[in-house]
Amino acid sequence: NAGVTQTPKFQVLKTGQSMTLQCAQDMNHNSMYWYRQDPGMGLRLIYYSASEGTTDKGEVPNGYNVSRLNKREFSLRLESAAPSQTSVYFCASSRDIYEQYFGPGTRLTVT
Amino acid sequence: QKEVEQNSGPLSVPEGAIASLNCTYSDRGSQSFFWYRQYSGKSPELIMFIYSNGDKEDGRFTAQLNKASQYVSLLIRDSQPSDSATYLCAVCGGGFKTIFGAGTRLFVKA
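Source: prediction; values computed, not measured.

Rules behind the numbers
Residues numbered from 1 in each chain as written. Chains lettered and ligands numbered in written order. Predicted model: local features only at pLDDT ≥ 70, side-chain atom pairs only at ≥ 80, totals over all residues. Heavy atoms only, no water. Disulfide = S-S within 2.5 Å. Helix = DSSP H or I, 4+ residues; strand = E, 2+ residues; numbered from the N terminus. Buried < 20%, exposed > 50% of the residue type's maximum accessible area, 1.4 Å probe, protein only. Contact = heavy atoms within 4.5 Å. Buried area = accessible area lost by both parts, 1.4 Å probe. Salt bridge = Lys/Arg side-chain N within 4 Å of Asp/Glu carboxyl O. Polar contact = N/O pair within 3.5 Å; in protein donor to acceptor, adjacent residues only side chain to side chain. Nonpolar A, V, L, I, M, F, W, Y, C, P; charged D, E, K, R; others polar. Pairing = 2+ DSSP bridges. Axes fitted to C-alpha atoms, helices over the stretch in contact; angles between N-to-C directions.

K.L.:
For this particular structure, what's the right way to read the state of the cysteines?
P.N.:
Here, the word disulfide means a covalent bond between the sulfur atoms of two cysteines. Applying the stated criterion across every chain, the model contains 2 disulfides over all chains. The disulfide that involves Cys-23 of chain A links it to Cys-91 of chain A, with 1.9 Å between the sulfurs. The sign of the S-S torsion, about -70°, decides the handedness of the disulfide formed by Cys-23 of chain A and Cys-91 of chain A: left-handed. Of this pair, Cys-23 of chain A sits in strand 3 (residues 19–25) while Cys-91 of chain A sits in strand 9 (residues 87–94), placing them 68 residues apart in sequence. Judged by relative accessible area, which is 3%, Cys-23 of chain A ranks as buried. In this model Cys-23 of chain B forms its disulfide with Cys-89 of chain B; the gap between the sulfur atoms is 2.1 Å. Its S-S torsion of about -75° marks the bond between Cys-23 of chain B and Cys-89 of chain B as left-handed, since a negative value means left-handed. A residue pair is termed long-range when its members are at least 10 positions apart, and Cys-23 of chain B in strand 3 (residues 19–25) and Cys-89 of chain B in strand 9 (residues 85–92) qualify at 66 residues. For the pair formed by Cys-23 of chain B and Cys-89 of chain B, the shared burial category is buried. Free cysteine: Cys-92 of chain B, not disulfide-bonded; nearest cysteine sulfur from Cys-89 of chain B at 12 Å.

Have a look at this one:
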C-alpha cells in the first residue's frame, strides 16, 4: 500500500516549457487535490476533483490544467511555465470531505 | 477571502513541557478542523481532526475548538525533540475546499 505517489520528485523547466505532474493513490479515495506550497504562504489549493469525472478550480488555478484520468490518477499540467510557478507541488486524496493524505511532493523550479 | 491565521513562530519549548499552538479562522460556517505536522522537506501528515466544540484527546495531543470565538488550538503534552516541525492548521467549510494556515514552527529543546 503505497498511499499517494507523485512523479517526478524534482524538475527544472525553462520559461515557456510545458510539463505534466503525475499523481496516483491506492486508497480507493473518491477525492483528489493539487496544492502548491510557497515559503510563508502555506498550502494553496490549485484544483480538486471531488469524484471521478469531475474537476473544479481552487484558490489559484490560473496557468494550470488538470485531468482526472480514473479514480486512482489525477494529473496537473503547466502549459507554459512561468518563474512564478516555482514551488513545491503536493497531491492529496481523501475519502469524501474528510482528512487528506498527501504525496511526497514535486519540487519545481522555473528559470 | 476566507483566512486561517497562525503565529509563524518559532515557538521554542523545553523537552517535557506543554506546547500550545493556536489558530484563528474567518469563516463562521467552517465545519471541520485539522492539524497537520510537516517536517522540513517532507509532506504534511494529519495528526488530529475535530468537528465539535470542546476538547479531543489522542495520546499526547489535544485539539480544542471554540466556534464562537473562531479559534482552534493544539496542545502537545510531554513535548519531545521529535515533535520539532511545522504545524499546519486547516479549516474546511463543508465542501471540498480546505484552507490552510501558513503554519507555526515548533522547536523542542533537549
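Next comes the rest of the account.
K.L.:
Could you clarify how one ought to interpret the interface of chain B and chain A in this entry?
P.N.:
A common measure of how large an interface is: the accessible area buried when the components associate. Facing the 20 residues of chain B at the interface are 24 residues of chain A. Buried surface at the junction of chain B and chain A, both sides included, amounts to about 1700 Å², of which 60% is carbon and sulfur. Ranking the residues of chain B by area buried against chain A places Phe-96, Lys-97 and Phe-100 of chain B at the top, with a combined share of 35%. At the junction of chain B and chain A, the tally comes to 0 salt bridges. On the surface where chain B and chain A come into contact, there are 5 residue pairs in polar contact (both at pLDDT 80 or more). Sorting elements by how many residues they give to the side of chain B that touches chain A places strand 4 (residues 32–38) of chain B first, with 3 residues. For the side of chain B that touches chain A, a count of residues per class yields 10 nonpolar, 8 polar and 2 charged.

K.L.:
Just checking my understanding: could you explain the sheet that holds strand 1 (residues 4–7) of chain A for this structure?
P.N.:
Strands belonging to one sheet form pairs held by backbone hydrogen bonds; the direction of such a pair is parallel or antiparallel. All names here are of chain A. Strand order in the open sheet formed by 4 strands is 1-3-8-7, and the pairing between neighbours is antiparallel. Sheet topology places strand 1 and strand 7 (64–68) at the edges, where each strand pairs with a single neighbour. Strand-to-strand twist in this sheet, taken as the mean axis angle between neighbours without regard to direction, amounts to 20°. In this structure, strand 7 lies alongside strand 8 (residues 74–78), joined through 5 bridges in antiparallel fashion. In the strand pairing of strand 8, Ser-67 is matched with Ser-75.

K.L.:
I keep staring at the side chain of Ser-94 of chain A and nothing clicks. Help me out?
P.N.:
Mapped onto the elements of the fold, Ser-94 of chain A is located in strand 9. With residues near it in sequence (within four places) discarded, Ser-94 of chain A still touches His-29, Asn-30, Ser-31, Tyr-33, Glu-99 and Gln-100 of chain A.

K.L.:
Any chance you could explain unusual backbone geometry here in plain terms?
P.N.:
Among all residues except glycine, the phi angle is most often negative; among peptide bonds, the trans geometry is most common. Residue Pro-8 of chain A is reached from Thr-7 of chain A by a cis peptide bond, and omega for that bond is -5°. Among the secondary structure elements, Pro-8 of chain A is positioned in the loop between strand 1 and strand 2 (10–13). At the junction of Gly-9 of chain B and Pro-10 of chain B, the peptide bond is cis and its omega measures out at 10° in the coordinates. Mapped onto the fold, Pro-10 of chain B is located in the loop between strand 1 (4–5) and strand 2 (11–14). The phi angle at Asn-28 of chain A is positive, at roughly 60°, despite the residue not being glycine. Along the chain, the position of Asn-28 of chain A falls in the loop between strand 3 and strand 4 (31–38). Looking at Asn-28 of chain A, the relative accessible area reads 56%, which means it is exposed.

K.L.:
Would you take a moment to explain the side chain of Thr-98 of chain B for this structure?
P.N.:
Turning to its location among the elements, Thr-98 of chain B is positioned in strand 10 (residues 98–100). Among the polar contacts made by the side chain of Thr-98 of chain B, one reaches the side chain of Gln-100 of chain A at a distance of 3.3 Å. Setting aside anything within four residues of it in sequence, one finds Thr-98 of chain B in contact with Tyr-35 and Gln-100 of chain A together with Ala-90, Val-91 and Cys-92 of chain B.

Any functional reading would require information beyond the geometric quantities listed.
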